[in-house]
Amino acid sequence: SQQGEEDPQALSIQEGENATMNCSYKTSINNLQWYRQNSGRGLVHLILIRSNEREKHSGRLRVTLDTSKKSSSLLITASRAADTASYFCATEYQGAQKLVFGQGTRLTINP
Amino acid sequence: GAGVSQTPSNKVTEKGKYVELRCDPISGHTALYWYRQSLGQGPEFLIYFQGTGAADDSGLPNDRFFAVRPEGSVSTLKIQRTERGDSAMYLCASSSGLGDTGELFFGEGSRLTVL
């Protein structure tokens, strides 16, 4: 079963705009990670946020974590056509040493 | 190589046949994971190795699926009596295995098609 649910399932925006994707999960976690996947390829790690952290930045990426609401968001600022991909959140819930992935958000950046 | 390598990249087989998928992790990574991904879905956990032993095989769907990692490096996912529903992308990932589950490094996957 997949713990995370992502919202929206698909997002289409214009180049230069910001893109926000949300992830909700069900049980207490050790950390939450975001991955990117280009069509038909493997996943690439973007950022990891631990349960005791609230916000993290990496380049044009900003991730927030609200453990009271069991939710996270990924913000991509100043989007580029090359950001077109599927984005997945993945959680390591307490007591397990594996990542459980959500269904993903398919992001399309229109030039 | 520097990354996780999976072979074959594509495998087409007939219903009922036996299939082996290979994963060569990043050198020195003790943790190795197998995931299965259907079209339009997120990766679904199958099995996790720490060294040579399967630390968690709770995701294997049934006893037709088996995985080994005899020397703690290369792993092979074995599927017996394949069914059309086994068609999917099979992803392998490795990590350092230290502490909690940190960043996973994924291979490009093996796409299995069962006719």
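Above this text you will find the structure in question.
Structural notes, computed from the coordinates.

1. Overview of the overall build of chain A
Move 1: A count of helical and extended segments in chain A gives 0 helices and 11 strands.
Move 2: Seen in sequence order, chain A has helices and strands lined up from the N terminus as β-β-β-β-β-β-β-β-β-β-β.
Move 3: Its C-alpha atoms give chain A a radius of gyration of 13 Å, within 12% of the compact-globule value 13 Å for 111 residues.
Move 4: Structurally, chain A occupies a C-alpha span of about 45 × 30 × 20 Å along its principal axes.
Move 5: Sorting the 111 residues of chain A into buried and exposed places 48% on the buried side.
Move 6: Sequence separation of 24 or more characterises 56% of the internal contacts of chain A that already satisfy a separation of 6 or more.
Move 7: Summed over its atoms, the accessible surface of chain A is roughly 5300 Å², and 43% of this surface lies on carbon and sulfur atoms.
Move 8: Separation between the mean location of the 13 positive side-chain charges and that of the 10 negative ones in chain A comes to 5 Å.

2. Thoughts on the packing of aromatic side chains
All names here are of chain B.
Move 1: This structure, assessed with the given rule, holds 8 aromatic pairs over all chains.
Move 2: On the basis of an interplanar angle of 15° and a centroid distance of 4.8 Å, the ring pair of Tyr-33 and Tyr-48 is categorised as stacked. On the criterion of sequence distance, the pair formed by Tyr-33 in strand S4 (residues 31-37) and Tyr-48 in strand S5 (residues 44-50) is long-range, its members being 15 residues apart. Each member of the pair, Tyr-33 as well as Tyr-48, carries the same accessibility label: buried.

3. Let's talk about unusual backbone geometry
Residues apart from glycine generally show negative phi values, whereas peptide bonds are mostly found in trans.
Move 1: Between Asp-7 of chain A and Pro-8 of chain A the backbone carries a cis peptide bond, its omega angle lying at -5°.
Move 2: Counting through the fold element by element, Pro-8 of chain A comes out in the loop between strand S1 (5-7) and strand S2 (10-14).
Move 3: Cis geometry is found at the peptide bond from Thr-7 of chain B to Pro-8 of chain B, where omega equals -10°.
Move 4: Structurally, the position occupied by Pro-8 of chain B is in the loop between strand S1 (5-7) and strand S2 (10-13).
Move 5: Of note, Ala-78 of chain A is a non-glycine position whose phi angle comes to about 45°, a positive value.
Move 6: With respect to the helices and strands, Ala-78 of chain A occurs in the loop between strand S8 (71-76) and strand S9 (85-93).
Move 7: Of note, Arg-81 of chain B is a non-glycine position whose phi angle comes to about 45°, a positive value.
Move 8: As for its position among the elements, Arg-81 of chain B is in the loop between strand S8 (75-79) and strand S9 (88-95).
Move 9: Look at Arg-81 of chain B and you get partly exposed, because its relative accessible area is 46%.

4. Topic: the sheet that holds S8 of chain B
Residue and element names in this part refer to chain B.
Move 1: Spatially, S1-S3-S8-S7 is the arrangement adopted by the 4 strands of the open sheet, whose pairing is antiparallel. Unpaired on one side and paired on the other, S1 and strand S7 (65-68) mark the two borders of the sheet. When strand polarity is set aside, the average angle formed by the axes of neighbouring strands in this sheet is 15°.
Move 2: Relative to S8, S7 runs antiparallel, the two being bridged by 4 bridges. When the sheet's bridge partners are listed, Ala-67 is paired in S8 with Leu-77.

5. As for the interface of chain A and chain B
Interfaces are frequently sized by the accessible area removed from exposure as the parts join.
Move 1: Taken together, the contact pairs 22 residues of chain A with 23 residues of chain B.
Move 2: Buried area between chain A and chain B, summed over both chains or domains, comes out near 1800 Å², and the portion from carbon and sulfur atoms is 44%.
Move 3: Counting across the interface, chain A meets chain B through 2 salt bridges.
Move 4: In this structure, Arg-41 of chain A and Glu-108 of chain B form a salt bridge, with 2.6 Å as the shortest nitrogen-oxygen distance.
Move 5: Joining chain A to chain B, the criterion identifies 10 residue pairs in polar contact (both at pLDDT 80 or more).
Move 6: Of all the secondary-structure elements, those providing two or more residues to the side of chain A that touches chain B are strand S4 (29-37), strand S5 (43-50) and S9 of chain A.
Move 7: Considering only residue class, the side of chain A that touches chain B consists of 6 nonpolar, 11 polar and 5 charged.

Reading guide: rules and limits
- Residues numbered from 1 in each chain as written.
- Chains lettered and ligands numbered in written order.
- Predicted model: local features only at pLDDT ≥ 70, side-chain atom pairs only at ≥ 80, totals over all residues.
- Heavy atoms only, no water.
- Helix = DSSP H or I, 4+ residues; strand = E, 2+ residues; numbered from the N terminus.
- Rg over C-alpha atoms; globule rule 2.2 N^0.38 Å.
- Buried < 20%, exposed > 50% of the residue type's maximum accessible area, 1.4 Å probe, protein only.
- Contact = heavy atoms within 4.5 Å.
- Areas by Shrake-Rupley, 256 points an atom, 1.4 Å probe, with all protein chains shown as cover.
- Lys, Arg positive; Asp, Glu negative; His and termini not counted.
- Charge placed at Lys NZ, Arg CZ, Asp CG, Glu CD.
- Phe/Tyr/Trp six-rings, centres within 6.5 Å; stacked < 30°, edge-to-face > 60°.
- Pairing = 2+ DSSP bridges.
- Axes fitted to C-alpha atoms, helices over the stretch in contact; angles between N-to-C directions.
- Buried area = accessible area lost by both parts, 1.4 Å probe.
- Salt bridge = Lys/Arg side-chain N within 4 Å of Asp/Glu carboxyl O.
- Polar contact = N/O pair within 3.5 Å; in protein donor to acceptor, adjacent residues only side chain to side chain.
- Nonpolar A, V, L, I, M, F, W, Y, C, P; charged D, E, K, R; others polar.

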